[in-house]
Amino acid sequence: MARTTSWMNFVTDLSIILSIFLVCSRVNAQLSANFYNTSCPNVETIVRNAMTTAVNNEARMGASILRLFFHDCFVQGCDGSVLLDDTATFTGEKGALPNNGSLRGFDVIDTIKANVEAACNTTVSCADILALASRDGVVLLGGPSWTVLLGRRDSTTASLSEANTDLPGPTSDLSTLITKFTNKGLTAQDMTALSGAHTIGQARCLLFRSRIYNNTDINATYATSLKANCPVSGGDDNLAPLDLQTPTNFDNDYYQNLLNEQGLLHSDQELFNGGSQDSLVQTYANDNSQFWSDFVNSMINMGNISPLTGTQGQIRSNCRAVNS
């Protein structure tokens, strides 16, 4: 009887593994690096040119677009839902607590979409444009490049509630961070590698005030310097760089900051605070090429979260609105 039970458990486990493999295989089969080779062969050049202009105008935009992609993929999958505007009859995700007054770059995506539409009408999804633009923003700030798998389609729905519950926040502890990533099919290593996106960009005082006035795991000199532009009250929108060393260069300085207790957000410092990710943070701090390699793999993994493909969803003509 025990042997029969053991065999049944083995069969069950094997079935689960095969199911996961088949799901992953379907995603990779539906998304392809050459998806637009015939229908819109110049799409990557069009996106890169517009991103070059945007980042040259404001280096921070590379980080803003990358964050936009992250917030898209963690809510309903990488389907462009984060780009949808609210209307009298439709509630999007822009009003969610993690997004409201915080997400940027929608106008840049609008420009790219208009340029792509002029070349290939109703062919390239907003979800794919956002995926490509995210990669290009990283490259333009001196980071690694990778092949973006394409073929996503755009959602006709959005989820304000999911945006409020599923996105990790700046005050999250390590356990919460790992859980939120695991819930999306990503590993703790993916979480730590993707957090390296904070080597570029800035954050509002509102998001790090509690850390610099209340946390003890922060370099005292660093905290004092931040308080000058982030008072106990007021100045909520005052900005500070997430990476105090090279905020417009995509490198591993973010992890070096963590070793010195100079993480801007509470959630940043949680990666190096006596927990399970300490050794990986040390690895990335000492080896930029390893960070880049893992970051690229994790970006591809994140880009594979629940895409709409085939006949699912639609190709929006305007990224801000569902086709009428």
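These numbers were taken from a predicted model, which means no experiment stands behind them. (Residues numbered from 1 in each chain as written. Predicted model: local features only at pLDDT ≥ 70, side-chain atom pairs only at ≥ 80, totals over all residues. Heavy atoms only, no water.)

1. Digging into helix 3 (residues 60-73)
And then number 1: The end-to-end C-alpha separation of helix 3 is 21 Å, in line with the 20 Å expected for 14 residues at 1.5 Å each.
And then number 2: With 12 of 14 residues buried, helix 3 lies mostly within the body of the structure.
And then number 3: For helix 3, the complete set of buried residues consists of Met61, Gly62, Ala63, Ser64, Ile65, Leu66, Leu68, Phe69, Phe70, His71, Asp72 and Cys73.
And then number 4: For helix 3, the secondary structure elements touched by its buried residues are helix 2 (43-57), helix 4 (106-119), helix 5 (126-140), helix 7 (174-182) and helix 14 (288-303). (Helix = DSSP H or I, 4+ residues; strand = E, 2+ residues; numbered from the N terminus. Expected span 1.5 Å × (residues − 1). Buried < 20%, exposed > 50% of the residue type's maximum accessible area, 1.4 Å probe, protein only. Contact = heavy atoms within 4.5 Å.)

2. Here we look at the packing of helix 3 against helix 14
And then number 1: Close contact between helix 3 and helix 14 brings their axes to 10 Å; oriented N to C, the two are set at 45°. One way to sum up the angle between helix 3 and helix 14 is to call them oblique. Across the interface between the two elements, Leu66, Phe69, Phe70 and Cys73 of helix 3 pack against Phe295, Met299, Met302 and Gly303 of helix 14. (Axes fitted to C-alpha atoms, helices over the stretch in contact; angles between N-to-C directions. Parallel < 35°, antiparallel > 145°, perpendicular 65-115°, else oblique.)

3. Observations regarding unusual backbone geometry
And then number 1: Even without glycine at this site, Gln76 takes up a positive phi of about 70°.
And then number 2: Mapping Gln76 onto the fold places it in the loop between helix 3 and helix 4.
And then number 3: Phi is positive for Ser306, which is not a glycine, with a value near 40°.
And then number 4: Looking at the element boundaries, Ser306 is found in the segment after helix 14.

4. Observations concerning the environment of Ile218
And then number 1: In this structure, Ile218 sits in the loop between helix 9 (205-214) and helix 10 (220-227).
And then number 2: Sequence-wise, Ile218 and His266 are 48 residues apart; in three dimensions their C-alpha atoms are separated by 9.1 Å.

5. Topic: the state of the cysteines
And then number 1: In total, this model carries four disulfides according to the counting rule given.
And then number 2: At a sulfur-sulfur separation of 2.0 Å, the disulfide partner of Cys73 is Cys78. Linking Cys73 and Cys78, the disulfide has an S-S dihedral of approximately 115° and is accordingly described as right-handed.
And then number 3: For Cys73, a relative accessible area of 1% puts it in the buried group.
And then number 4: Assessed through its relative accessible area of 0%, Cys78 is described here as buried.
And then number 5: A sulfur-sulfur distance of 1.9 Å marks the disulfide that ties Cys205 to Cys230. (Disulfide = S-S within 2.5 Å.)

6. Some details on helix 13 (residues 278-286)
And then number 1: Along helix 13, the residues classified as buried are Asp278, Leu280, Val281, Tyr284 and Ala285. Looking down the long axis of helix 13, one finds its buried residues gathered within 165° of arc, a one-sided arrangement.
And then number 2: Along its buried surface, helix 13 packs onto helix 8 (188-195), helix 11 (253-259) and helix 14. (Arc of directions from axis to C-beta.)

7. Section: the pattern of salt bridges
Pairing is possible between side chains that carry opposite charge, provided their charged atoms lie close to one another.
And then number 1: A complete count under the given rule lists 14 salt bridges for this structure.
And then number 2: Between Arg135 and Asp136 there is a salt bridge; the shortest N-O distance is 2.7 Å.
And then number 3: Using a relative accessible area of 0% as the deciding quantity, one classes Asp136 as buried.
And then number 4: In the salt-bridge network here, residues are joined through shared partners; they are Glu44, Arg48, Arg135 and Asp136. (Salt bridge = Lys/Arg side-chain N within 4 Å of Asp/Glu carboxyl O.)

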